[in-house]
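These are the residues of each chain, in order.
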Amino acid sequence: MPVRSAIVLAAGEGKRLRPLTRHRPKPMLPAGTKPILEHVFDELIDAGIEEVTVVVGYGRSAVQSHFGSSYRNVPIEYVVQENQLGSGHALAVAAATVDERTLVVNGDQLVDRQIVGDVITAHEDAPDAVATIGVINHDELSEYGGVIVDADDTVSEIVENPTDDRVYRLNAGVYALESDAIETMTSVEPTAGEFSLTDGLAALVAGSGTVRAAASDGMWIDATYPWDLLEVAEALFETGTVESEIASSARVHETATIVEPAIVAPDCVINAGAVVGPNVCLGQNVTVGANATVGRSVVDADSRLGANATALDCVTGRGVRIGPASTIVGGPGDVRVEASVHRDERLGALIADRTTDEGGVTYAPGTIVGAAATIRAGTTVRGSIDSETEVR
Amino acid sequence: MCGIIGYVGGEDGPDAIDVLLNGLSQLEYRGYDSAGVGLANASLSVHKAEGELSKLRSVLPTESLRGGHTGIGHTRWSTHGPPSNANAHPHTDEDDRVAVVHNGIVENYQALRDELVDAGVSFESETDTEVIPHLIADSLEAGDDPECAFRRAIDRIEGSYAIAAVVDGVDDLFAARNESPLVVGVGDDGHYLASDVPAFIDHTDRVVYVDDGEFVRLSATDYRITDADGTVLEKPVETVDWDAEDTGKSGYDHYMLKEIHEQPTALRQCLRGRVDELAGEITLTELSELDHDGPIQFVACGTSYHAALHAATVCRERGLHANAYVASEYAADRIPVGPETLVIGVTQSGETADTLRALREANRAGARTIGVTNTVGSSATRVCDDVLYIRAGPEIGVAATKTFASQQIALTLLAGQLNGGLSYDAIEALRSVPDQVQTVLDTSRAKTVAEELVGSDAFLFIGRGLAYPVALEGALKFKEITYEHAEGFAAGELKHGPLALVTDETPVFAVVTGDGETARKTISNIKEVEARNAPVVVVTDGCSEAERYADYVLEIPETDDIGAAVVANVQLQLVSYWVANRMGRSIDKPRNLAKSVTVD
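Note that the structure is a prediction, hence the values are computed from the model and not measured. (Residues numbered from 1 in each chain as written. Chains lettered and ligands numbered in written order. Predicted model: local features only at pLDDT ≥ 70, side-chain atom pairs only at ≥ 80, totals over all residues.)

**Structural notes on the overall build of chain B**
1) Next: Regarding its fold elements, chain B presents 17 helices and 26 strands.
2) Next: The C-alpha atoms of chain B give 25 Å as radius of gyration, which agrees with the globular expectation for 600 residues (25 Å, within 12%).
3) Next: Projected onto the principal axes, the alpha-carbon positions of chain B cover approximately 80 × 50 × 45 Å.
4) Next: Relative to its 600 residues, chain B shows a buried fraction of 58%.
5) Next: When contacts within chain B are restricted to residue pairs at least 6 apart in sequence, long-range pairs at least 24 apart make up 71% of them. (Helix = DSSP H or I, 4+ residues; strand = E, 2+ residues; numbered from the N terminus. Rg over C-alpha atoms; globule rule 2.2 N^0.38 Å. Buried ≥ 20, exposed ≤ 12 C-beta atoms within 10 Å, placed from the backbone. Contact = placed C-beta atoms within 7 Å.)

**Side note on the overall build of chain A**
1) Next: Along the backbone of chain A there are 7 helices and 39 strands.
2) Next: When the backbone C-alpha atoms are referred to their principal axes, chain A occupies close to 65 × 45 × 35 Å.
3) Next: Burial statistics for chain A: of 392 residues in total, 59% are counted as buried.
4) Next: In chain A, the proportion of contacts linking residues at least 24 apart, taken out of those at least 6 apart, comes to 52%.

**Considering the UniProt feature "domain: Mannose-1-phosphate guanyltransferase C-terminal" (unreviewed entry) in chain A**
1) Next: Mapped onto this numbering, the UniProt entry gives "domain: Mannose-1-phosphate guanyltransferase C-terminal" (unreviewed entry) at residues 258-384 of chain A.
2) Next: Within the segment residues 258-384 of chain A, helix and strand shares are 0% and 45% respectively, and the terminal C-alpha atoms sit 31 Å apart. (UniProt positions renumbered as here; feature names shortened; annotations may be inferred.)

**With respect to the environment of Val275 of chain B**
Residue and element names in this part refer to chain B.
1) Next: Within the secondary structure, Val275 is located in strand S15 (residues 275-276).
2) Next: The spacing of Val275 and Phe461 is 186 residues in sequence and 32 Å in space, taken between C-alpha atoms.
3) Next: Beyond its immediate stretch of four places on either side in the chain, Val275 contacts Ile282, Ile427, Leu430 and Arg431.

**Some remarks on helix H17 (residues 561-582) of chain B**
All names here are of chain B.
1) Next: In this model H17 runs 32 Å from its N-terminal to its C-terminal C-alpha over 22 residues, within 8% of the 32 Å that 1.5 Å per residue would give.
2) Next: Within H17, 20 of the 22 residues are buried, which leaves it mostly tucked inside the rest of the structure.
3) Next: Downstream of H17 by one or two residues, Gly584 has phi in the positive range, about 70 degrees. (Expected span 1.5 Å × (residues − 1).)

**Thoughts on the UniProt feature "domain: SIS" (unreviewed entry) in chain B**
Residues and elements named next belong to chain B.
1) Next: Feature annotation in UniProt places "domain: SIS" (unreviewed entry) on residues 286-424 and 449-590, given in this structure's numbering.
2) Next: Within residues 286-424, the helical portion is 40% and the strand portion 19%, while the C-alpha atoms at the span's ends are 22 Å from each other.
3) Next: End-to-end, the C-alpha atoms of residues 449-590 are 22 Å apart, and along that stretch the chain is 40% helix and 17% strand.

**Observations concerning the sheet that holds strand S15 (residues 245-246) of chain A**
Residues and elements named next belong to chain A.
1) Next: What the 8 strands build is an open sheet, ordered S15-S18-S21-S24-S27-S32-S35-S38; its pairing is parallel. Each edge of the open sheet is held by one strand with a lone partner, namely S15 and strand S38 (384-385).
2) Next: Where strand S24 (residues 297-299) and strand S27 (residues 314-316) come together, 2 bridges link them in parallel fashion. Across the sheet, residue Val299 finds its bridge partner in S27, namely Thr316.
3) Next: Helix H7 (residues 228-238) contacts strand S21 (280-282), S24 and S27 of the sheet and is inclined by roughly 105 degrees relative to S24. (Pairing = 2+ DSSP bridges. Axes fitted to C-alpha atoms, helices over the stretch in contact; angles between N-to-C directions.)

**Re the environment of Gly420 of chain B**
1) Next: Summarising the element assignment, Gly420 of chain B is placed in the loop between helix H12 (402-418) and helix H13 (424-443).
2) Next: As for Gly420 of chain B and Ile282 of chain B, which are separated by 138 residues in sequence, their C-alpha atoms are 8.9 Å apart.

**With respect to the sheet that holds strand S37 (residues 380-381) of chain A**
Residues and elements named next belong to chain A.
1) Next: Spatially, 7 strands are ordered S17-S20-S23-S26-S29-S34-S37 in an open sheet, and the strand pairing comes out parallel. At either margin of the open sheet sits one strand with a lone partner, and together these are strand S17 (257-258) and S37.
2) Next: Where strand S26 (residues 310-312) meets strand S29 (residues 327-328), 2 bridges bridge the pair, whose relative direction is parallel. Note on S29: the bridge partner recorded for Thr310 is Thr327.

**Let's talk about the domain arrangement of chain A**
All names here are of chain A.
1) Next: Segmentation of chain A into domains returns domain 1 (5-221) and domain 2 (234-391).
2) Next: The gap between the C-alpha centroids of domain 1 and domain 2 is 32 Å.
3) Next: Listed by partner, the interface residues are 11 residues for domain 1 and 18 residues for domain 2.
4) Next: A breakdown of the residues in the side of domain 1 that touches domain 2 according to their chemical character gives 6 nonpolar, 3 polar and 2 charged. (Domains from an automatic or database assignment. Nonpolar A, V, L, I, M, F, W, Y, C, P; charged D, E, K, R; others polar.)

**Some remarks on the interface of chain A and chain B**
1) Next: On the side of chain B, 21 residues touch chain A, which itself brings 25 residues to the contact.
2) Next: Counting residues per element, the ones that place at least two in the side of chain A that touches chain B are helix H2 (60-67) and strand S6 (74-80) of chain A.
3) Next: When residues of the side of chain A that touches chain B are assigned to their parent elements, the largest contribution, 4 residues, is made by H2 of chain A.
4) Next: When its residues are assigned to classes, the side of chain A that touches chain B shows 6 nonpolar, 13 polar and 6 charged.

**Section: the nonpolar core**
1) Next: In terms of nonpolar packing, the biggest core is built from 199 residues, with Ala165, Phe298 and Ala311 of chain B touching the most fellow members.
2) Next: The greatest single-element share of this core, amounting to 14 residues, is contributed by H17 of chain B.
3) Next: Once residues lying within four places of it in the same chain are set aside, the contact partners of Ala165 of chain B are Val98, Ala99, Val100, Ile136, Phe150 and Phe174 of chain B.
4) Next: Grouped together as the second largest cluster of nonpolar side chains are 130 residues, Val55, Leu91, Leu170 and Val299 of chain A included. (Core = buried A, V, L, I, M, F, W, Y, C linked by C-beta atoms within 7 Å.)

**Some remarks on unusual backbone geometry**
Residue and element names in this part refer to chain A.
1) Next: Backbone torsion omega between Gly277 and Pro278 reads -5 degrees, so that peptide bond is classified as cis.
2) Next: Inspection of the secondary structure puts Pro278 in the loop between strand S20 (275-276) and S21.
3) Next: Between Gly331 and the following residue, Pro332, the backbone shows a cis peptide bond with an omega angle of -5 degrees.
4) Next: Relative to the helices and strands, Pro332 resides in the loop between S29 and strand S30 (333-337).
5) Next: One non-glycine residue, Asp313, lies in positive phi territory at about 50 degrees.
6) Next: Among the structural elements, Asp313 can be located in the loop between S26 and S27.
7) Next: On the neighbour-count criterion, Asp313 (25 C-beta atoms within 10 Å) is buried.
8) Next: Phi is positive for Glu388, close to 60 degrees, though the residue is something other than glycine.

**A short note on helix H15 (residues 467-482) of chain B**
Residues and elements named next belong to chain B.
1) Next: Taking 1.5 Å per residue, 16 residues should reach 22 Å; H15 reaches 22 Å between its end C-alpha atoms and fits that length.
2) Next: Within H15, 15 of the 16 residues are buried, which leaves the element mostly enclosed by the surrounding structure.
3) Next: Just downstream of H15, Tyr483 is the residue with a positive phi angle, here 65 degrees.

**Side note on the confidence of the model for chain A**
1) Next: In this model, chain A carries a mean pLDDT of 91, and residues with pLDDT of at least 70 account for 100%.
2) Next: When mean pLDDT is compared element by element in chain A, strand S22 (residues 287-288) of chain A scores highest at 98, while helix H5 (residues 179-186) of chain A scores lowest at 82. (pLDDT = per-residue confidence, 0-100.)

**Quick look at the packing of helix H7 (residues 263-271) of chain B against H12 of chain B**
Residue and element names in this part refer to chain B.
1) Next: Contact geometry of H7 with H12 gives a least axis separation of 9 Å together with a crossing angle of 30 degrees. Taken together, H7 and H12 sit at an angle that is classed as roughly parallel. As for how H7 packs across H12, the hand of that crossing is right-handed. Residues Gln263, Ala266, Leu267, Cys270 and Leu271 of H7 touch H12, and the partners they reach there are Lys402, Ala405, Ser406, Ile409 and Ala410. (Parallel < 35°, antiparallel > 145°, perpendicular 65-115°, else oblique. Left-handed = near helix turned anticlockwise from the far one by under 90°.)

**Quick word on the packing of H12 of chain B against H17 of chain B**
Residue and element names in this part refer to chain B.
1) Next: Two elements in contact, H12 and H17, have axes whose closest approach is 10 Å; the angle formed by their N-to-C orientations is 175 degrees. Between H12 and H17, the angle is such that the two are roughly antiparallel. Facing Phe404, Ala405, Gln408, Ile409 and Thr412 of H12, the residues of H17 in contact are Ile562, Ala565, Val566 and Asn569.
2) Next: Here the contact of H12 with H17 is composed, by residue class, of 6 nonpolar, 3 polar and no charged.

**Comments concerning the confidence of the model for chain B**
Residue and element names in this part refer to chain B.
1) Next: Averaged over every residue, the pLDDT of chain B is 90; residues scoring 70 or more account for 97%.
2) Next: Mean pLDDT per element in chain B: strand S14 (residues 238-239) is the minimum at 84, and strand S17 (residues 296-300) is the maximum at 97.
3) Next: For this predicted complex, the interface confidence comes out at an ipTM of 0.90, alongside a pTM of 0.82.

Next up, the structure:
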């Protein structure tokens, strides 16, 4: 029986992506101009998945309203995880809707159809496998799940955030599971109140059934921090996952310049003399003022850049207003998040949903501004600014 | 006003009972007082039940009905006779040879009924519809073939109708239309007809719209549409772009909440390609040259009427001579209308009988007519000279939400166009509305306010200028889904009478935006109710000092008065929703109401 259905886990906020996650979960943050989750759906559907169940929770109306009841003619069922008690719990919540072998995929990381296809094929070709885990080679494993794969492609161990120097593959967050494997995984006792998917997998590996690894060299990208969205966009351009495009409903003045790669989404307006690109993604209904410059930036929907503004290495949330002649000079800079400092990140500024600057504002490299803040005209800002504050 | 469906399939097609029940579930928005089906299998069998479709499902001997491929179905909103099993459709003749479903009103039914009773026919229901099967049976008795008998019966009735009939022993299905919607679906393994496309969209997206005065005969392999003389008509087969899945609840508890959350998307669709901030232009491609300098009349009902009031105010602010009229009062009021008048009918469904009647009168008087609607192929699009689509997408909740917002915006564009365009600032403000609505959806405290105020004696809504239609709409939405007493007033009218209603148990919702004279005057009216200890809820952008007099504040982003009218209304939609939810009301199908009102 082929793998036809998928469960996509999209209920968690993704706290490290704050302040962009104020009203939506990490899967709805823009990879280019589309939500991460939309890319995931595209790859699943291209890999032949015909039914999708999405586990939603934090900021769920953002997911539900974006996709509605179907996406590309594939029906989407929503299952609500009221309290986010971990990815294993999310799977348990969705499991009730599934009575056959299914794919389980993280909704907050980019995977391509190759990984998805490799997992499906490997699972279908291995009648003894109760589960098949997609794995890739990756340098940086300390933040992710490590998988020890034996010579016969069976999984012998799963380790979260491994620090020893054994040979690990990275768990790409794509699983093909038999229904009784889901049962085993979801009956694991919680540790510290959290049901983690990895604990469930570990139980499966320890059990009698065979867990296989499907090695893939497909694309896998995760945004760990909000400024990673810039690298995500660049990677999408480089790999040809997204292509430069100016939507037909966008209005671009004849004297404006678009430097590829760049995406100008529907309803955008680019005024006279503006320069947009390269490596720029403008979400829908973004406005770029006359003679403004935008380079290597992800500007989310409904944001406006005033005339003569400059934005380099910039990530914005939705409905952000960058005033006339404001300057985001670009990275590298030190980024301060709570107690930690990330040195020399290539970030000009990160500005969360519906923050307004009145114009003539200078952003020191690495500045983070929370949501719905107001920055008065002529101010210089640096460091980390809380949501709903006024800077004068 | 009701929904009808009919189906004739081949041996390989789906069972009629499945097609009918599935279709009726998509038509329940048109009425849910009762539902019924009539199947022509070996013999004619009719099943019906008072109440929502689920009641019918629970009493149907579904398995014994399998294998049949011809049938009709009906979901009812009562006009003649209360909701009951007897008054549910289909109706039959005395010998159960003919079953009929009908949407509309037989205006001469009393005369026909008297005549039939005199001839010895006994009636089972109080409906106007029941005369039709008796008339058909009469003609069959006289030796007419089924199609001829159907035509003779239709010839005798006056009024509005979409009618479908099945006859015992005949595989084909007969239908006719006059002033009630009817559309034929052309499938690979059968043919369909219904009041609205979603009823059969699961089976086919190829449709033929039936016009007034036309007859339909469906068989498994063919369909034939004829005029009153029996001449066969060649009508275009259109492909509808309507994803059946759009009509799911997508994880929301109610369609209404889903549709409230769809407003940013709906508004983007409404604006797309129509406003150009670079050139400062509006383009409404559907409309031919809009060079009009005579009076402008908006006609509409219910929520659409509030959008019409909004439009008329926007026009008048720009120096145009414009008024809004309740469509059902339009004729009675003897509003002067002539070739110099532009009459704009606003109807979400495009099938609102009152509005269509007013538009037809305007046509007769020589006025130019524009229909502003959400429904491609609806009657309004054919009655009017021009049509402007609001592009809100399908709305299932009976209480209109996203279609109102889209009407406000589409009508603002139309008003701007009538005045030669909109300013750059106005276009910028319009382009910001979708995100401002999203801001309200992301941050609203309406649920908390609703929980505080639920159980109050009555709920009053006030506003001035463009906030006045918002107050009326806020009150209408509130009463529709909570069943509580709610009234909207022009803020200045409060002191001329309604103030007598105000107590500490009557919350007053005041919409105050900007800091101009309009806001200052409304604040004076707020003080009047505050002095009577009424709980005050202000919906405000924070520009004025209104918050000082408020017990609760529902914030909206700062924008111009047009944008504010759209955004403020969203806060009131949410208040209504959460109060109704708290009270356990049937939010998507409020009692006694239906979505598309195709009777006068």
